[in-house]
Amino acid sequence: MLLTADVQGLEVSDGLLRHGVEVTVTGRPDEPGGKLRERERAAAVAAVDGRRITVEIEAGNELYFEAGDLTPAH
């Protein structure tokens, strides 16, 4: 899933954002039924320069979702 999000508790430079910041939602199943809905808030952890920072995210617009991408190949 790809969505826009507002991240609270994290300030990063434009340069770091160009490289990407991985944010992992905690306490939710990693499956389609556990996906965030628009305006839903959740606890998360951001990986920045080798550090793990606790943040809160608010989900924005969903840009892409394809459950088939999540199914392991047999």
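Now for a look at the structure at hand.

Definitions and cut-offs
Residues numbered from 1 in each chain as written. Predicted model: local features only at pLDDT ≥ 70, side-chain atom pairs only at ≥ 80, totals over all residues. Heavy atoms only, no water. Helix = DSSP H or I, 4+ residues; strand = E, 2+ residues; numbered from the N terminus. Buried < 20%, exposed > 50% of the residue type's maximum accessible area, 1.4 Å probe, protein only. Contact = heavy atoms within 4.5 Å. Areas by Shrake-Rupley, 256 points an atom, 1.4 Å probe, with all protein chains shown as cover. Core = buried A, V, L, I, M, F, W, Y, C linked by side-chain atoms within 4.5 Å.

## Some thoughts on the overall build of the protein
Phase 1: Scanning the protein from terminus to terminus reveals one helix and four strands.
Phase 2: Counting from the amino terminus, helix and strand elements in the protein follow one another as β-α-β-β-β.
Phase 3: Counting the 74 residues in the protein, one finds 20% classified as buried.
Phase 4: Partitioning the intrachain contacts of the protein with sequence separation of at least 6 by distance along the chain shows that 53% fall at a separation of at least 24.
Phase 5: Just so you have it, the protein exposes about 5600 Å², and 47% of that area is on carbon and sulfur atoms.

## A short note on the nonpolar core
Grouped burial of nonpolar side chains is what soluble globular proteins tend to show.
Phase 1: Among the nonpolar cores identified, the biggest contains 11 residues, and these are Leu10, Leu16, Leu36, Ala42, Ala44, Ala46, Val48, Ile53, Val55, Ile57 and Ala59.
Phase 2: Listing elements by their share of this core, those giving two or more residues are strand 3 (41-48) and strand 4 (51-64).
Phase 3: Discounting residues that sit within four places of it in the chain, leucine 10 has contacts with Val21, Ala46, Val48, Ile53 and Val55.

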